[in-house]
Structures are given as C-alpha cells and as structure tokens.
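Structural features, examined
Here is how the chains run, residue by residue.
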Amino acid sequence: MKKEAEMTSLIVLSVLIILVAILFFISGLVLSWAYEPPLDPPTAIVKRRFGKIVWVKIAREWIFVIPNIESLETLPIQRSSLKVSPAEVRTPDNVALAMEVTLYLIPDSDNSDNLMNYVKSGKEEGVKKILNDITEQEIRQWASDPGQTPKTWEEARSSQDDLTKRLHDKLIKECDGKPDDGSNKLPSYGMILEKVTIGPIKPIGLAVIEAAELEAKEKLERRGELAETATELEIAKTVSVELNISREKAFKLMKEYKMISAGHGQVLKVDFANIPEILSFGKRLLAGIAGGA
C-alpha cells in the first residue's frame, strides 16, 4: 500500500510538472505573438496579413498576431523638414533665381485613413518626394507667370510672404485638404504641413547684377559732377568779368573758396598766401549773388 501511495504521488507530481511546463510553453508562445506599443513617444502600428496592410493606427493596447501569417511594423510619429531648392526658376524679365523653401511636416496621427495613405505613399521618403515635386512646379509657375507679380527679379526678392501663402494653400489643395480650416492637413499623403518658410530670393549671378547697378550709379554721379562743373565754369566766367580777372583764376579762386567754406580739413590744401584774395572773392561773389537775386 505504501509503495502504491508513493507511486501515485510521483505520478501526480510528474503530471503537475508537465502541466506547468506546457503552461510556460503556451505563455511563451502567446507572448511572442503579442506586442505592447510604446506610449511615449507616439508610435503608429502597421499590421499586415500575408504582406497586405490590414490597418494603420496609434495603438494603445496589446496587439496579437498570427505567426507566419501576420506581422507588425512600427511607424514613429516625429517631425521632419523638407528643403526644396528648385532649378530653372526665371522671372518674366528672364533672370534666373536661387531660393530655398523649407516645409515642416509631421505624420497625421489623428486619422487612421490618413496614416494608411502615408504608408501607401512610401512613408516619409515617398511623401517628401511628392511634395518636393509639387513645390518646385508651383514656384516655377509663380515666377514665370507674366500676368501676376513678380514681373521682375527685383519684385521677386520682396515677395516671400506672397509665395509662402501661395505654397501653403497650393500644397494643401493638391493633397485634398482645405487651406482655410486651420488643420493644415494633407489627407492624400497622411501628413500635416506645420509651416512653410522661404529664405532669401536672389538672382543667380548677383555679382554681375550688382556690378551693373554700381556702374549705372557711377554714371549718374559723373553726370552730376559734370553738370556741377559746367555751372561753376559759367559762374567763373561771369565773375571774371565783374572782377576783371581771368576766367581760369576766377575758377581757381572759386574752388579754393569752396574748400574753405566746406571745411573738413580741406583748407590745408589751400595756399595761405591767397586767403585774403580768396575771402575777398567770396564776399564779392556773395554780394553779386545777392544783388542778382
């Protein structure tokens, strides 16, 4: 009897050990089929079945998958930026422009359908390529349309605000969103356009253009100087007759008188022996001008 009791106890103990082992094994399998999404930072989950997307969402509970049939993929919800530097941008006056536009983006985690579109569009890399093409095309149209501002490269340089608004609205419309609802959503591609910024707009070959502007300015200054000299020669001619001196001497005295009157140290260039004659010339010149008035 004692042996039978011991044998029974041994069998029961063995069965219990086997059951515990089976439970551990099953638990391990179940846990390997389950996934607990992180709560912070937010992470979208892509569930696939036989490789096809079943759903995309921000999951906050345990997710179970069928081994070899289903799989999970995590999708970080994080901000990113896209820099767009379009080539061949020309204003109607045929000047090429250089500029850089930056789009600030984040996946639209509030809408599962939009997240699905985000994944199907190639996620961050794919969506950015699409938005880059839309942005470049819109910038070219903005710059080249002769029926609206800008019509010249000078106008383009001061048009950042107009272009920023135009790009913002165009991108949202092209992606089936509503520019005026304040959400900034791009539903077709599952992203939110948080902000658009535009750096300085510069003509390509700015040094050449600045050189041309400088040359034009110098020409105007030279014309002004020539006009002033011609006027002084006319005055010198009149004064030479009134003072009974040569025109050359009258012009020389006028220049020296202007130096003394202007100051700024130029008096040091004047022959001090001529100062009484210069001052006398100045008094007569002023008297003549007053008398002529």
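Here the structure is a predicted model, which is why all the values come from computation and not from measurement.

Rules used in this analysis
Residues numbered from 1 in each chain as written. Predicted model: local features only at pLDDT ≥ 70, side-chain atom pairs only at ≥ 80, totals over all residues. Heavy atoms only, no water. pLDDT = per-residue confidence, 0-100. Contact = heavy atoms within 4.5 Å. Helix = DSSP H or I, 4+ residues; strand = E, 2+ residues; numbered from the N terminus. Buried < 20%, exposed > 50% of the residue type's maximum accessible area, 1.4 Å probe, protein only. Axes fitted to C-alpha atoms, helices over the stretch in contact; angles between N-to-C directions. Parallel < 35°, antiparallel > 145°, perpendicular 65-115°, else oblique. Left-handed = near helix turned anticlockwise from the far one by under 90°. Nonpolar A, V, L, I, M, F, W, Y, C, P; charged D, E, K, R; others polar. Pairing = 2+ DSSP bridges. Core = buried A, V, L, I, M, F, W, Y, C linked by side-chain atoms within 4.5 Å. Salt bridge = Lys/Arg side-chain N within 4 Å of Asp/Glu carboxyl O.

Side note on the confidence of the model for the protein
Of the residues in the protein, 55% reach a pLDDT of 70 or more, and the chain-wide mean stands at 74. Below pLDDT 50 for its whole length, residues 264–273 participates in nine contacts with residues either more than four positions away or in separate chains. Every residue in residues 288–293 scores below 50 in pLDDT, and together they form zero contacts with partners more than four places removed in sequence or on other chains.

Description of unusual backbone geometry
Residue Pro-150 is reached from Thr-149 by a cis peptide bond, and omega for that bond is 5 degrees. Its identity as a non-glycine residue notwithstanding, Asp-176 has a phi of 65 degrees, on the positive side. Note that Asp-176 resides in the loop between helix 5 (160–174) and strand 10 (185–186).

With respect to the environment of Ile-45
Structurally, Ile-45 is set in strand 2 (residues 43–49). The class of Ile-45 is buried, set by a relative accessible area of 0%. Each C-alpha atom, one on Ile-45 and one on Ile-58, is 6.1 Å from the other, the two residues being 13 residues apart in sequence.

Remarks on the environment of Arg-157
Tracing the backbone shows Arg-157 in helix 4 (residues 153–157). The class for Arg-157 is partly exposed, based on a relative accessible area of 33%. Along the chain, Arg-157 and Met-99 lie 58 residues apart, while their C-alpha atoms are 9.6 Å from each other.

Side note on the packing of helix 3 (residues 123–144) against helix 5
Taken N-terminus to C-terminus, the directions of helix 3 and helix 5 make an angle of 135 degrees; their axes are 10 Å apart at the nearest point. Here helix 5 runs oblique to helix 3, going by the angle between their axes. Both helix 3 and helix 5 take part in a crossing whose hand is right-handed. For the pair formed by helix 3 and helix 5, the contact residues are Leu-131, Ile-134, Thr-135, Glu-138, Ile-139, Gln-141 and Trp-142 on the first element and Leu-163, Arg-166, Leu-167, Lys-170, Leu-171 and Glu-174 on the second. Among the residues forming the contact of helix 3 with helix 5, the class breakdown is seven nonpolar, two polar and four charged.

Details of the sheet that holds strand 5 (residues 70–76)
Backbone hydrogen bonds hold the strands of a sheet together, and the pairing may be parallel or antiparallel. Strand order across the open sheet formed by three strands is 3-2-5, with antiparallel pairing between neighbours. Looking at which strands have only one partner, the edges of the open sheet turn out to be strand 3 (52–58) and strand 5. Across the sheet, the axes of successive neighbouring strands diverge by a mean angle of 20 degrees, strand direction being ignored. Docked against the sheet, helix 2 (residues 112–120) engages strand 2, strand 3 and strand 5, running at close to 130 degrees with respect to strand 3.

Remarks on the nonpolar core
Formed by 40 residues in total, the largest nonpolar core has its most connected members in Met-99, Val-101, Leu-103, Leu-131 and Trp-142. Secondary-structure elements contributing two or more residues to this core are strand 2, strand 6 (80–84), strand 9 (101–107), helix 2, helix 3, helix 4, helix 5 and strand 11 (191–198). Element by element, the count of residues in this core is highest for helix 3, at six residues. Each residue touching Leu-131, except ones within four places of it in the same chain, is listed here: Leu-82, Leu-103, Leu-105, Leu-171, Cys-175 and Leu-186.

Topic: the pattern of salt bridges
Any two side chains of opposite charge can pair, on the condition that their charged atoms come close. All chains considered together, the criterion is met by 11 salt bridges. Between Arg-79 and Glu-194 there is a salt bridge whose closest N-O contact spans 3.0 Å. Linking Arg-79 in the loop between strand 5 and strand 6 with Glu-194 in strand 11, this pair joins segments that are 115 residues apart in sequence. Taking relative accessible area as the criterion, Arg-79 reaches 60% and is therefore assigned exposed. On the basis of relative accessibility, which here comes to 35%, the residue Glu-194 falls in the partly exposed class. Lys-165 is the partner of Asp-169 in a salt bridge, and the nearest nitrogen-oxygen pair spans 2.5 Å.

Remarks on the environment of Asp-93
Within the secondary structure layout, Asp-93 lies in the loop between strand 7 (89–90) and strand 8 (96–98). Separated by 60 residues in the primary sequence, Asp-93 and Trp-153 place their C-alpha atoms 7.2 Å from one another.

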